[in-house]
Every structure is written in structure tokens, then in C-alpha cells.
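Chain by chain, the residues:
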Amino acid sequence: MVSPLSVMAKPAYGGNAINVYSQRTDAPVTHSIEDNTAIRRQTKGSERSRVAIIIDDFGNKMRGTDEMLSLPVKITVAVMPFLPTSVSDARRAHERGFDVLLHLPMEPRHGKPEWLGPGAVLAKMSDEEIRQRVEAALDNIPYAIGINNHMGSRVTGDERVMGIVLNVCKERGLFFVDSKTNYRSVVGKIAQEKGLPRVENHIFLDDLHTSSHVLKQMRLVQEHALEQHYCITIGHVGLQGKETAAGIRSGIAEMRNSVEFVGISDLVKEEWKWNPGPKFP
Ligand SMILES: [Zn+2]
């Protein structure tokens, strides 16, 4: 199995991404939005192994957004705050029946600050500043039922910072998904201490940006799910978002008869017996 730990989250926010987007051809989405009943039928309880696909980096008109939002199974959409399509991407995902997470920018050990985007949580901030940032970002993303980290290899190893982030989660009935950009992450340990579910990414889908690599990763996801009863996996919209979406779509077609695709909330409820009670606007 490929370890997700060696793979840093990729920058979603920066001049390049915006440039490439503006040059893209506005080709029509080739796959129409399919009937939601198919998704609902799939998410009914069953004994089959479950897979939760989380797609990160929504919110900045990223390439692959339409392709991801028209995938034929329930996915989880992680949206960065305070960007041009943050609110509309969250709404579209929710209307489609998908789960929404706040994709919270958090300081990495390495990497450029401008990759973080607005509203980022930094290790040097005071307790109060961190709390304000997390609350403001959550308020910006409608329908968010939890948080996962964008980058964050520095702060996910920081007990003080993560303690505050997880306190806000707890107060709001949310959970935190550790993307595992840092193998020294303290998120799981602190979540457990606070009585929150310990939810972690197992496999990054697009550490190489071809649809054939993504399909290979999807097969690893299937293997992991069949062995461990479930698997959480992360892909990205962005420069190679269309290729990633194509690889995921092929993987879904191959795997739908052996595993069940669910939202992260379904997994958290069933595997951790956690009943999140977020308040939607
Ligand atoms: Zn990200």
C-alpha cells in the first residue's frame, strides 16, 4: 500500500492555478448529473465494505469541479473558505446530496505561504486568533459537517493549535478528518481525548497526476476497504482535476459491485457511532 504520509497536500491557491483555469476550454461536462435516487440507494446500510472519497481544494473555480460534482456516487466535497466559488461550490455539492467539509488552510512545515489562501491557521497565532479564524471559516462554508486540513504539516503536529481547532469542532457538533500530511500528527490523539471520532485519510489518489495512476490508487482503496471494512481516500480538484475525476470515475465503474461508496458522515456515524449535529444556516 502506498503510504499517504509521504505525500504533501498540493497547493490549491496561487497564480498558476488561476492562470491555467482562465486558459481552459469550457468544454461541456460530458456526464450528465444522474438521478439522486441511485446515490440514496447506495448509501442505505449494508454489510458491504465502504469507501469515502473526499475531494479537496474546491472554492477557487478549480479545474475538474464540474466533473467531480457529476460523479455517479456520493462523495465528500472539501471547500476552502473566502474564495470566489467557496459558497457556490458548497451549495452545489449539498444540492447534489454530497457531504461538505470546510477545507481549512493550515500552516505547513515547508511550502509557500501564498499556497495557503485566505483565513489560514498559523502556529504563531494566539489562542483567540486561532478560534476566530476557525469560526469565521466555518461560518463561510454552508452545510459543513466537519473540517479537514489543507496542507498543515506544521500545525497538525501542534497540540495547542489542534486543541483549539478540535474544541470548536466539538462545540459545533462537527468532526475533523486528518488528511495525514504529517506523520507526527497529534490530531487523532487529541480527538480521542476529547471524545471526537478519530478519522484519518488512508490513501491519496493523485500523488501522480494521470488518470491511470488514479485508477491504480482506486484499486488500492478497494483492497484496503475489503480488508479493513472501510477506506477513506483523498483526491483534488486543481490543475489535474479532470484527469483525477476521470480516474475516479473508472475506478467507481470497476468497484461498485464490491464496495459501497458513502459520504464521510455515513462512515463516521456507522464506524464511530458518532452522531454529528451540525447547525446548518
Ligand atoms: Zn488542499
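Residues numbered from 1 in each chain as written. Predicted model: local features only at pLDDT ≥ 70, side-chain atom pairs only at ≥ 80, totals over all residues.

Student: Where do I start with the packing of helix 8 (residues 211-228) against helix 9 (residues 241-255) in this structure?
Tutor: In a pair of packed helices, the angle between the axes and the distance between the axes together describe the arrangement. The contact between helix 8 and helix 9 brings their axes to 8 Å, and the two run at 40°. Considering the angle they form, helix 8 stands oblique to helix 9. As helix 8 runs across helix 9, the sense of the crossing is right-handed. Contact residues: helix 8 offers Ser-211, Ser-212, His-213, Val-214, Leu-215, Met-218 and Gln-222, while helix 9 offers Glu-243, Thr-244, Ala-246, Gly-247, Ile-248, Ser-250, Gly-251 and Met-255. Looking at the contact of helix 8 with helix 9 residue by residue, the classes come out as six nonpolar, eight polar and one charged. (Axes fitted to C-alpha atoms, helices over the stretch in contact; angles between N-to-C directions. Helix = DSSP H or I, 4+ residues; strand = E, 2+ residues; numbered from the N terminus. Parallel < 35°, antiparallel > 145°, perpendicular 65-115°, else oblique. Left-handed = near helix turned anticlockwise from the far one by under 90°. Contact = placed C-beta atoms within 7 Å. Nonpolar A, V, L, I, M, F, W, Y, C, P; charged D, E, K, R; others polar.)

Student: It is not clear to me how the confidence of the model for the protein chain should be interpreted in this structure. Could you clarify?
Tutor: Should the pLDDT be low somewhere, the predicted coordinates at that spot are not to be read in detail. With 81% of its residues at a pLDDT of at least 70, the protein chain reaches an overall mean of 85. pLDDT under 50 marks residues 1-45. Its contacts with residues more than four places away, or in other chains, come to 67 contacts. (pLDDT = per-residue confidence, 0-100.)

Student: Is there a simple way to explain the pairing of strand 4 (residues 144-151) in this structure?
Tutor: For a regular strand, side-chain orientation follows a simple rule: the groups alternate between the two sheet faces. Of all eight residues in strand 4, eight are buried, a share of seventy percent or more. Both strand 3 (residues 99-106) and strand 4 contribute to a ladder of six bridges, which runs parallel. Directly across from Pro-105, in strand 4, lies its bridge partner His-150. Between strand 3 and its parallel partner strand 4, the chain crosses via helix 5 (residues 127-140), and the hand of that crossover is right-handed. Both strand 4 and strand 5 (residues 175-178) contribute to a ladder of three bridges, which runs parallel. (Buried ≥ 20, exposed ≤ 12 C-beta atoms within 10 Å, placed from the backbone. Pairing = 2+ DSSP bridges. Right-handed = clockwise from strand over helix to strand, strands pointing away.)

Student: Looking at this structure, I do not really get helix 5. What am I missing?
Tutor: Given 3.6 residues per helical turn, the α-helix brings residues three or four places apart onto the same face. Over its 14 residues, helix 5 runs 20 Å from end to end, which matches the ideal 20 Å to within 8%, given 1.5 Å per residue. Buried residues of helix 5: Ile-130, Arg-133, Val-134, Ala-137, Leu-138 and Asn-140, and no others. The buried residues of helix 5 occupy an angular sector of 160° when the element is viewed end-on, so they sit on one face. Exposed residues lying more than 90 degrees from the buried face of helix 5 are Glu-128 and Asp-139. The elements touched by buried residues of helix 5 are helix 4 (86-95), strand 3, strand 4 and helix 6 (159-172). (Expected span 1.5 Å × (residues − 1). Arc of directions from axis to C-beta.)

Student: Would you mind showing me how to read the pairing of strand 5 here?
Tutor: The side-chain alternation of strand 5 yields two buried faces, one formed by Phe-175 and Val-177 and the other by Phe-176 and Asp-178. A crossover links strand 4 with its parallel partner strand 5, the connecting element being helix 6, and its sense is right-handed. Taken together, strand 5, helix 7 (residues 187-193) and strand 6 (residues 199-200) form a β-α-β motif whose crossover is right-handed.

Student: Help me understand unusual backbone geometry in this model?
Tutor: Residues other than glycine predominantly adopt negative phi, and peptide bonds predominantly adopt the trans conformation. Positive phi values are uncommon outside glycine, yet Met-151 reaches one of about 60°. The topology assignment puts Met-151 in strand 4. Since 29 C-beta atoms lie within 10 Å of it, Met-151 is described here as buried. The phi angle at His-229 is positive, at roughly 80°, despite the residue not being glycine. Tracing the chain through its elements places His-229 in the loop between helix 8 and strand 8 (230-236). Residue classification places His-229 among the partly exposed residues on the basis of 13 C-beta atoms within 10 Å.

Student: Explanation requested: the packing of helix 5 against helix 6 in the structure shown.
Tutor: Following both chains from N to C, one finds helix 5 and helix 6 inclined at 45°, their axes separated by 9 Å at the closest point. By the criterion of interaxial angle, the relationship of helix 5 to helix 6 is oblique. Here helix 5 and helix 6 pass one another in a crossing that is right-handed. For the pair helix 5 and helix 6, contact is made by Asp-127, Ile-130, Arg-131, Val-134, Glu-135 and Leu-138 and by Val-161, Ile-164, Val-165, Val-168 and Arg-172, respectively. Counted by class, the contact of helix 5 with helix 6 contains seven nonpolar, no polar and four charged residues.

Student: Mind showing me how you'd approach helix 6 here?
Tutor: Look at helix 6: 20 Å from first C-alpha to last across 14 residues, which is about the 20 Å you get at 1.5 Å a residue. Residues of helix 6 that are buried include every one of Val-161, Met-162, Ile-164, Val-165, Leu-166 and Cys-169, and no others. Contacts from the buried residues of helix 6 go to helix 5, strand 4, strand 5 and helix 7. Looking at the residues trailing helix 6, positive phi occurs at Gly-173, about 70°.

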